[in-house]
Amino acid sequence: MLNALQNIKEQAAQALAQVSDPKALEELRVKYLGKKGELTGILKQMGKLSAEERPKVGAFANEVRASIEALIEEKAAALKAALQEQKLKAERLDVTMPGKAAPMGKPHPLSKVLDEVGEIFLGMGFSIVEGPEVELDYYNFEALNIPKNHPARDTQDTFYITENVLLRTQTSPVQVRTMEKQKPPIRVIAPGRVYRSDAVDATHSPLFHQIEGLVVDKGVTMADLKGTLEMFTKRLYGEDSVVRFRPHHFPFTEPSAEMDVQCFSCHGEGCRLCKGEGWIELLGCGMVHPKVLSNCGIDPEEYSGFAFGIGLERLVMRRYNIDDLRLFYENDLRFLDQF
Amino acid sequence: MNLSMKWLSDYVDVDGISPRQFAEAMTMSGSKVEGWDTEGSEIKNVVVGHLLEVVPHPDSDHLVICQVDVGAQSPIQIVTGAQNVKAGDWVPVALHDSYLPGGVHIKKGKLRGVESNGMLCSLSELGLTTHDFPYAIEDGIFLLEEPDLKVGQDIHEAIGLNDTCVEFEITSNRPDCLSITGLAREAAATFQKPLRLPVPQVEKTSDDIHQHLKVEVTAPDLCPRYVARMVKNIKVEPSPRWMRERLRACGVRPINNIVDITNYVMLEYGQPMHAFDHRFVAGGKIVVRRANEGEELETLDGIVRKLTPDMLVIADVEKPTAVAGVMGGEYSGIADDTNTIVFESACFNGPSVRITAKNLGMRTEASGRFEKQLDPATCIPAVERACQLVELLGAGEVIGGMIDVDNSDKTERRIPLEADWINRFIGIDLSKEEMCQILTRLECKIDGDVVIPPSFRSDLEHKADIAEEIARFYGYDKIPTTAIRGTADGQYTTEQKFQHSVNSILQAQGLYEVSTYSFISPKYYDKIRLPQDSLYRNSVVISNPLGEDTSVMRTTTLPSMLEVLSRNYNNRNKSAALYEVGTVYLPQEGKELPDERAVITLGMYGEGHDFFSLKGIVETLLNRLNIKGYSFSACSTHPSFHPGRCAEIYVGDAKVGMIGEAHPTVAENYAIGTRAYIAYLDMGLLLANAAPESGYHPLPKFPASTRDLALICDDETPVAVLENAIREGVGKILEDVSLFDVYRGAQVAQGKKSVAYSLTMRAADRTLTDEEADAAVKRALKALDKVGAQLRS
């Protein structure tokens, strides 16, 4: 019987080696290991064996079964792998064909940069406040130390609704409204639309956006103003940005300054982009005029503050090298799709 | 303000400072330099030549051949076409390889076969005009008549074309810096150099002004000071070269000696001067008064101006002769036969001049200065300087004496000097002595703990102004940079977060954000077919608009969106899906300011876009914003929309917006040649109706039962009615009902449609039995029957 078992083992090994599809493999499994298979047939004759032979034959029979099972399993795995490989080959795609895009819109470039600016200031502990665009003369001018017939009104050609109501020429009235509502410490920015009677051309628009900033607390200094705006510029334009503050005049700040950023193109040497100056004007700022604080019911002996105003269009134009402001308000998709 | 560096160097030593260094230092100390220009900088290798011989060209009847001495070993030969040259003339010669303004490069060459080694120049070829050199002619070679000419001398030196002009942007608080002396003061303080400002004085006078002139000021509130001096036997002629050069460098055209003197003094002292003919001062008396009702005056520009009683005039006993601080009268100006003149050097009330100039529509150089409120103390040195110049130029004989009607406020301004406060305010650490040094340099007087600013610094009023003076001369660049102390929580408001959600949801659905003007033309209300009596025509109106197109604040965003759709359509963009969160401005009864409401406006046209794709976007927006219980209700009355393709959007009972296809006439009005779809929603109402975030629902433990229903109903019946009936009939166990087919055609009767729904039912606590599901469907069919829908057989 041992010989017969040996024969089965060898035959099975031979037959399995030649199998090339799962169906034939299953047939062989039945042939050798099935209930009516050859191995079972031999084991059924075990009863005829002597007591000494039986364990020996039994052990060998198990060994033969194990070896055939192992071979079948091995073969099954090989066949599965071959089949999968064939399938994968057939399913090959030309991956250079275009993808199927889901439609996705985009923010307007002004919103995109405004959001970025907002987040920079949010990170520095500022909140974002808003105020009306149709505004009282008082908030736009008077409370900001610009009385009627002050020459500073000339630099901001104003659209009037009535004698007392106008389209705000700056976001600074939000400073006043904020200080009237909220006691220090105050740390806010106020973005929004402003209006000036400028005819439309590549660099002028009767409507544009400003971002106002206001900080009021005990012990706020001009050094804080410089530090805050320098940090803002580095966050927006990169850590290697260089800024300078030079004296200027605004009726509602004292001292006042304008902040320039060193020309990105020539690094201060002077080129076409910066009109030979080496610097590009970025924003106006200053220490809140004590009279403005008083106008808003804040004691200038106890508190001090700084304020700044940034032109959003200018910031965005600089960022993307846009040379015509009208594009922002024409809203051609071929423009909007670039941001 | 343009500054001649030569003129400046009369008062402060700026030798050895390059224009660039000068510009940077002045900018950093507060006088912003916009640029500078060195006169004749484009002219290179042009020299003075002396014509030795001029002979006709053998082959031309209009060319001549000149032998010119240019200081070289031998004369050079130049051919010219000019007719005004002869031997003995002195001329500017552009030598071989020379440059002229505009980048013109001169090289030697041959003219009709004769060698020419350069070019003789005209005025215009040197970038000059007859205003610069009144003795020269416009067309023809510039024949030099300057004293001490030398052959070969550089032309810049020979004709004084070597000044540098620096252009400043002067802020409105510093009218004193609109002058050479003002900028000299700033330069002296910036470079820490001594200031040399002489006190002008007249050497010789005769006669007495009081014999000829009286001045009465009846409106001292509008004229704090009026100073007059007189000059007789004047000779009107061109000014000397040095004066013309300086005026030219500062951008002022030389006219004649008297006019030039007034301009020269205005530039030097910042004080506008007025000279007028004494003959025309009727009654020998000047009256400074408010104009009478109905008075008129013909100003120097030849226009007759109607005056009003709030305007200040300079008058004689009969009539006004000038609008004070704005413009002189035609009638009293200087003429060729003028013998005796009056110099007026006055100070007027700034706001009054500003209003007058604005109301008369004539802003002049003088009014632009007066309106910034000039220093009454400058009136005297300015008029003295004018008389000194008359004497210097030999332009007339100065009459003795001066009339000075002085009503100005001479109270000293006393500002506390609080060194500690300034240090804390700026964030620096300077001693009081260091501060005093800076202030003294600026001509402030220090009296213990008090600063007394000079009269010309009317901008210094408050201790913060003193802090600025300290800061700018200490150097803004030297102030440290520090971070704000203390903590603060920066966060978005609920409204801002909501708007951010709106942006993300709409962009994720393929919509591009746009930004449009808030003002529109009232005609746009016609373009969107608003009836004449529509409330939306009641807009906030701009009283001084740029044009009709931007003259009212919009009450609806429809025109703005339609315009953008139109522009994209006409720019041949095949399709567009856009949105804007924009503001509308609704006037409020009894309130000065309008209600400014944020409106979300969606617009689209082109392939893939129809009413239902827009509605889907709106529904997704509402769902994602967590707005419950919204509905769409057909609307056929909105004038801007297609009457059969338009719905009002409700949340509960509140109307929050509209959706629809643009009315074909509206699309046509906007030249949109395809169907356009628009929706708008009031953002404030949406926010008010957004449900708070809801908690989690456990995942279902029991299976769902599904049933499909094919129904027949009238074609007119809105499917929303059927859906409501199903919801009502099935009740709580209805998990979902979805429409999957609508059919009209041969298989159903005329005027009917077939509508198919798939129902999903589930109970949270058990598996529904078939009997329960069937019973629910029966209830639904009963409810459907009530609205005229039956199961399709």
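Residues numbered from 1 in each chain as written. Chains lettered and ligands numbered in written order. Predicted model: local features only at pLDDT ≥ 70, side-chain atom pairs only at ≥ 80, totals over all residues.

Moving on, we come to the overall build of chain B. Looking only at helices and strands, chain B has 20 helices and 41 strands in total. For 793 residues, the compact-globule estimate of 2.2 N^0.38 gives 28 Å, and chain B exceeds it by more than 25% at 42 Å. Along the three orthogonal principal directions, the C-alpha set of chain B runs to about 125 × 80 × 60 Å. With 793 residues in all, chain B has 42% of them scored as buried. For chain B, the proportion of contacts with a sequence separation of at least 24, taken over those separated by at least 6, is 70%. (Helix = DSSP H or I, 4+ residues; strand = E, 2+ residues; numbered from the N terminus. Rg over C-alpha atoms; globule rule 2.2 N^0.38 Å. Buried ≥ 20, exposed ≤ 12 C-beta atoms within 10 Å, placed from the backbone. Contact = placed C-beta atoms within 7 Å.)

Attention now goes to the environment of V288 of chain B. Residues and elements named next belong to chain B. Residue position: V288 is located in strand 16 (residues 285–290). With 65 residues separating them along the chain, V288 and C223 place their C-alpha atoms 7.7 Å apart. Beyond its immediate chain neighbours, meaning those up to four positions away, V288 contacts V217, T218, A219, C223, Y226, L312, I314 and A324.

For the rest of this paragraph, the subject is the domain arrangement of chain A. You can read the domains of chain A as domain 1 (2–90) and domain 2 (109–336). Averaged C-alpha coordinates put domain 1 of chain A and domain 2 of chain A at centres separated by 87 Å. (Domains from an automatic or database assignment.)

If you look at the biggest cluster of nonpolar residues, it comprises 161 residues, and the most contacted ones within it are F306 of chain A together with V313, A324 and A386 of chain B. Once you skip the residues sitting within four places of it in the chain, A386 of chain B turns out to touch I261, T262, V265, M273 and F343 of chain B. Grouped together as the second largest cluster of nonpolar side chains are 73 residues, A598, F641, I649 and V666 of chain B included. (Core = buried A, V, L, I, M, F, W, Y, C linked by C-beta atoms within 7 Å.)

Across the boundary between the two partners, chain B contributes 76 residues, which contact 69 residues of chain A. Classifying every residue of the side of chain B that touches chain A by side-chain character gives 33 nonpolar, 28 polar and 15 charged. (Nonpolar A, V, L, I, M, F, W, Y, C, P; charged D, E, K, R; others polar.)

Residue and element names in this part refer to chain B. Alignment of strand 1 (residues 2–4) against strand 11 (residues 164–169), held across three bridges, turns out to be antiparallel. Note on strand 11: the bridge partner recorded for S4 is C165. Alignment of strand 2 (residues 32–38) against strand 11, held across six bridges, turns out to be antiparallel. From the neighbouring strand, V33 faces strand 11, where its bridge partner is F168. (Pairing = 2+ DSSP bridges.)

Another point: the packing of helix 13 (residues 494–508) of chain B against helix 16 (residues 611–624) of chain B. Residues and elements named next belong to chain B. For the pair helix 13 and helix 16, the least separation of the axes is 10 Å and the interaxial angle reads 145°. Handedness of the helix 13/helix 16 crossing: right-handed. Taken together, the residues of helix 16 that come into contact with helix 13 (itself represented by V502, I505 and L506) are T620, L621 and R624. Looking at the contact of helix 13 with helix 16, its residues break down into four nonpolar, one polar and one charged. (Axes fitted to C-alpha atoms, helices over the stretch in contact; angles between N-to-C directions. Left-handed = near helix turned anticlockwise from the far one by under 90°.)

Structurally, the α-helix is built with 3.6 residues per turn, so residues lying three or four positions apart point the same way. Residues and elements named next belong to chain A. Across its 15 residues, helix 5 (residues 109–123) extends 21 Å between first and last C-alpha, which sits within 8% of the 21 Å expected from 1.5 Å per residue. Looking only at helix 5, the buried set comprises P109, L110, S111, V113, L114, V117, G118 and F121. The first or second residue beyond helix 5 is G125, which carries a positive phi of 90°. (Expected span 1.5 Å × (residues − 1).)

Residues and elements named next belong to chain B. A sheet is described by the order of its strands in space; here seven strands give the open sequence 28-32-33-37-36-35-34, paired in mixed fashion. The open sheet is flanked by strand 28 (512–513) and strand 34 (630–634), the only strands paired with a single partner. Direction of pairing for strand 35 (residues 641–651) relative to strand 36 (residues 654–662): antiparallel, over a ladder of seven bridges. Each bridged residue has a counterpart across the sheet, and for V651 the counterpart in strand 36 is A654.

A separate point is helix 6 (residues 257–269) of chain B. All names here are of chain B. Compared with the 18 Å implied by 1.5 Å per residue over 13 residues, the 18 Å span of helix 6 between its first and last C-alpha is a close match. Judged by how many residues are buried, helix 6 sits mostly within the fold: twelve of 13 residues are covered. The elements touched by buried residues of helix 6 are helix 4 (180–191), helix 5 (241–249), strand 15 (274–277), strand 22 (341–347) and helix 9 (379–393).

Turning next to the sheet that holds strand 11 of chain B. Residue and element names in this part refer to chain B. As summarised here, the arrangement of the three strands in space is 1-11-2, forming an open sheet in which the pairing is antiparallel. At either margin of the open sheet sits one strand with a lone partner, and together these are strand 1 and strand 2. Averaged over neighbouring strand pairs, the angle between their axes works out to 25° when direction is ignored.

A few words now on unusual backbone geometry. For the bond from P184 of chain A to P185 of chain A, the omega torsion is 0°, close enough to zero to count as cis. By secondary structure assignment, the location of P185 of chain A is in the loop between helix 7 (173–181) and strand 4 (186–195). Cis geometry is adopted by the peptide bond preceding P255 of chain A, which originates at E254 of chain A and carries an omega value of -5°. Assignment of secondary structure puts P255 of chain A in strand 7 (residues 253–262). Phi at N45 of chain B takes a positive value of approximately 65°, unusual for a residue other than glycine. Owing to 16 C-beta atoms within 10 Å, N45 of chain B belongs among the partly exposed residues under this scheme. The backbone of N233 of chain B shows a phi angle near 50°, a positive value even though the residue is not glycine. Of note, N233 of chain B is situated in the loop between strand 14 (225–232) and helix 5. Among the residues examined, N233 of chain B registers 11 C-beta atoms within 10 Å and is labelled exposed.

Confidence in the prediction for chain B averages 93 pLDDT; 100% of positions are at 70 or higher. Confidence metrics for the complex model read pTM 0.86 and ipTM 0.86. (pLDDT = per-residue confidence, 0-100.)

A few words on the environment of D89 of chain B. Residues and elements named next belong to chain B. Along the polypeptide, D89 turns up in the loop between strand 5 (76–80) and strand 6 (90–100). For D89, a count of 19 C-beta atoms within 10 Å puts it in the partly exposed group. With 286 residues separating them in the primary sequence, D89 and D375 have C-alpha atoms 50 Å apart. Contacts of D89, omitting those with residues within four sequence positions, involve L51 and L143.

Attention shifts here to the packing of helix 19 (residues 719–730) of chain B against helix 20 (residues 770–786) of chain B. All names here are of chain B. For the pair helix 19 and helix 20, interaxial distance at closest approach is 7 Å and the crossing angle is 140°. One finds that helix 19 runs oblique with respect to helix 20. Seen from above, helix 19 lies across helix 20 with right-handed handedness. Counted together, L722, A725, I726, E728, G729 and V730 of helix 19 and A776, R779, A780, K782, A783, L784 and K786 of helix 20 form the full contact between these two elements. Counted by class, the contact of helix 19 with helix 20 contains eight nonpolar, one polar and four charged residues. (Parallel < 35°, antiparallel > 145°, perpendicular 65-115°, else oblique.)

Glancing now at the environment of C379 of chain B. All names here are of chain B. Tracing the backbone shows C379 in helix 9. Remark: the alpha-carbon pair of C379 and G270, spanning 109 residues in sequence, is separated by 9.9 Å. Ignoring any residue separated from it by four or fewer positions in sequence, one finds C379 in contact with R225, V227, Q271, S345, A346 and C347.

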